[in-house]
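# Overview (structure and organization)
So the chains spell out like this:
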Amino acid sequence: MESSAAIRVENAVKVYGNQTVLDHVSLEIRSGEICGIVGRNGSGKTVLFKSICGFTPLTEGRITVGDKVIGKDVDMPDRVGAIIENPGFLNNYSGYKNLKFLAMIRKRIGKEEIHRAIKKVGLDPDSKKWVGKYSLGMRQRLGLAQAIMENPDILILDEPMNGLDNQGVEDMRKMLLEQRDQGKTILMASHNPADIDILCDVVYEMDQGVLRERK
């Protein structure tokens, strides 16, 4: 495998019953680029993202992240931060406590890194406000903080701008471009054409499980 490929999807097929959700999808994402995928709801984007993260096993094909084959070398890729569907948090705890609980799973980071990530997405790490009282946009910001807090090499973001107001979208675009400038690889899906045009180095379209590069 070429060293420049951060993610490689080869002939990926996912079938549920008699429905083919991924139809021989192949994709290569180079290190340090932002790759965008556009498509209607139900086109297969989320299933592809879940498969790359190791949450959904393929029916056929292979996914390699870094130099590890998902489901063979490792169950889930290392050094990956992700938002897929709505971020799930414990409603009766603050944003900081939620991220602290999650950080305890892998024990890689402490209070300083969690605080830094929360500040980076425009939230107050010292706020005692329960996540159950958060707006949709605040929950989305916290989800992004969770995705970046362990300083992953790869970000996989399914509709990362969901629920954000115009200022929030501007803040997140700036943050994602900074992540890319630091050498991160980003795979994202967005319904907003402006997000794709502003952020992405390469764009693919997905329709009924078929992926094609947009020229």
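None of the values given here were measured: they were computed from a predicted structure.

Time to look at the pairing of strand S4 (residues 60-65). Two strands pair when backbone bridges link them, and strand S1 (residues 5-16) and S4 are joined in this way by five bridges, in the antiparallel orientation. Note on S4: the bridge partner recorded for Ile7 is Val65. As paired strands, S4 and strand S5 (residues 68-69) are joined by two bridges and run antiparallel to one another. Counterpart to Thr64 in the pairing with S5 is Val69.

As for its position among the elements, His115 is in helix H3 (residues 111-120). Overall, His115 belongs to the buried group, its relative accessible area being 15%. Contacts of His115, omitting those with residues within four sequence positions, involve Tyr96, Pro125 and Asp126.

Tallied over the entire structure, the rule returns 15 salt bridges. For the salt bridge of Arg8 with Glu28, the shortest nitrogen-to-oxygen distance reads 2.7 Å. One end of the pair, Arg8, is in strand S1; the other, Glu28, is in strand S2 (residues 19-30), and 20 residues separate them in sequence. Residue Glu28 is classed as partly exposed on the basis of its relative accessible area of 29%. With a closest N to O distance of 3.9 Å, Asp67 and Lys68 form a salt bridge. When its relative accessible area of 61% is taken as the criterion, Asp67 is described as exposed. For Lys68, a relative accessible area of 38% corresponds to the partly exposed category.

Rules and cut-offs
Residues numbered from 1 in each chain as written. Predicted model: local features only at pLDDT ≥ 70, side-chain atom pairs only at ≥ 80, totals over all residues. Heavy atoms only, no water. Pairing = 2+ DSSP bridges. Helix = DSSP H or I, 4+ residues; strand = E, 2+ residues; numbered from the N terminus. Buried < 20%, exposed > 50% of the residue type's maximum accessible area, 1.4 Å probe, protein only. Contact = heavy atoms within 4.5 Å. Salt bridge = Lys/Arg side-chain N within 4 Å of Asp/Glu carboxyl O.

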